[in-house]
Amino acid sequence: MTGAGGAAPGPDGRLRCPWGLATAEYVAYHDGEWGRPVHGDDALYERLCLEAFQSGLSWLTILRRREGFRTAFAGFEIASVAAFTDEDAARLLADPGIIRNRAKIEATLANARTLAGWRAGELDALIWSYAPDPATRPAPRTVADVPAITPESVALSRALKKRGIRFVGPTTAYALMQACGLVDDHLAPCVARGGAART
């Protein structure tokens, strides 16, 4: 280990961000998804929803219920979720395969209805317009070097809220940016930095 909060060796001996070593699910997510560029309106809507559901909870809780979320929310296809009825909302509130939080479920449905009125590619273009120049972001050495919010995440949150998107504060917006590859917050010695890791 390179020090408290620094990269640590994983099961294969390669250095990884310490959070990515806690469970097998985290290793797979850390190596194969987190920080990799995500494009497409439906794919970004899914990540936006999952980050909102994660608020106040462990990301592991979300990972372990991800397939349940996908089943419950029609694969996060915006057009399909936008057509959900009051009966669908009641079904979701009773579904043990997801997080049964009324405010988060209502936001997920409302956001789909809002996004259904956008042009194809508009969500993708908006989110990615807030990606900072990588040259302005030195690689973090420890987890203490990784911010919770940035000026870009504050601006992205503000822009999404202005367009009617709910449950997306600056911290959630930054988690989205990290997860979807707008920023690369893998630690400097991490094998996954730059998308190098393979599972």
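Structure first, text after, so check above.
Since this is a predicted model, take the numbers as computed values, not measurements.

Criteria and cut-off values
- Residues numbered from 1 in each chain as written.
- Predicted model: local features only at pLDDT ≥ 70, side-chain atom pairs only at ≥ 80, totals over all residues.
- Heavy atoms only, no water.
- Axes fitted to C-alpha atoms, helices over the stretch in contact; angles between N-to-C directions.
- Helix = DSSP H or I, 4+ residues; strand = E, 2+ residues; numbered from the N terminus.
- Parallel < 35°, antiparallel > 145°, perpendicular 65-115°, else oblique.
- Contact = heavy atoms within 4.5 Å.
- Nonpolar A, V, L, I, M, F, W, Y, C, P; charged D, E, K, R; others polar.
- Phe/Tyr/Trp six-rings, centres within 6.5 Å; stacked < 30°, edge-to-face > 60°.
- Lys NZ or Arg CZ within 6 Å of the ring centre and 35° of its normal.
- Salt bridge = Lys/Arg side-chain N within 4 Å of Asp/Glu carboxyl O.
- Buried < 20%, exposed > 50% of the residue type's maximum accessible area, 1.4 Å probe, protein only.
- Left-handed = near helix turned anticlockwise from the far one by under 90°.
- Expected span 1.5 Å × (residues − 1).

1. Some words on the packing of helix α9 (residues 151–162) against helix α10 (residues 170–179)
The N-to-C vectors of α9 and α10 enclose an angle of 110 degrees; their axes lie 8 Å apart at closest approach. Between α9 and α10, the angle falls in the class roughly perpendicular. Packed against α9, whose contacting residues are Glu152, Ser153, Val154, Leu156 and Ser157, the element α10 presents Pro170, Ala173, Tyr174 and Met177 at the interface. Each residue belonging to the contact of α9 with α10 can be placed in one class, and the counts come to six nonpolar, two polar and one charged.

2. Structural notes on the packing of aromatic side chains
If you walk through the whole model with that rule in mind, you get nine aromatic pairs. Each ring, one from Trp19 and one from Tyr26, has its centre 5.8 Å from the other, and the planes form 90 degrees; the classification is edge-to-face. Ring-pair connections join several aromatic residues into one group, and the members of that group are Trp19, Tyr26, Tyr29, Trp34 and Trp59. Positioned above the aromatic ring of Trp118, the side-chain terminus of Arg163 is 4.1 Å from the ring centre.

3. Quick notes on the pattern of salt bridges
Going through the model one piece at a time under the given rule, you end up with 14 salt bridges. The partner of Arg91 in a salt bridge is Asp88, with the nearest N and O atoms 3.4 Å apart. One end of the pair is Arg91 and the other is Asp88, both in helix α6 (residues 86–93) and three residues apart, which spans about a single turn. The exposure class assigned to Arg91 is partly exposed, which follows from its relative accessible area of 35%. When the shortest N-O distance is used, the salt bridge between Asp184 and Arg193 registers 3.5 Å. You can call Arg193 partly exposed: its relative accessible area is 24%. In this structure, a network of salt bridges that share partners links the residues Glu33, Glu46, Arg47, Arg66, Glu67 and Arg70.

4. Considerations on the packing of helix α2 (residues 41–54) against α10
One can describe the packing of α2 onto α10 by two numbers: an axis separation of 9 Å at closest approach and a directional angle of 130 degrees. Of the possible angle classes, the one that applies to α2 and α10 is oblique. Where α2 crosses over α10, the handedness of that crossing is right-handed. For the pair formed by α2 and α10, the contact residues are Leu44, Arg47, Leu48, Glu51 and Ala52 on the first element and Thr172, Ala175, Leu176 and Ala179 on the second. Residue composition of the contact of α2 with α10, by class: six nonpolar, one polar and two charged.

5. Notes on α2
Taking 1.5 Å per residue, 14 residues should reach 20 Å; α2 reaches 20 Å between its end C-alpha atoms and fits that length. Counting buried positions over the 14 residues of α2 gives eleven, a clear majority of the element. Every buried residue of α2 is listed here: Asp41, Leu44, Tyr45, Glu46, Arg47, Leu48, Cys49, Leu50, Glu51, Ala52 and Phe53. Buried residues along α2 sit in contact with α3 (59–64), α4 (66–72), α5 (78–82), α7 (102–115), α8 (122–128) and α10.

Geometry only, nothing functional implied.
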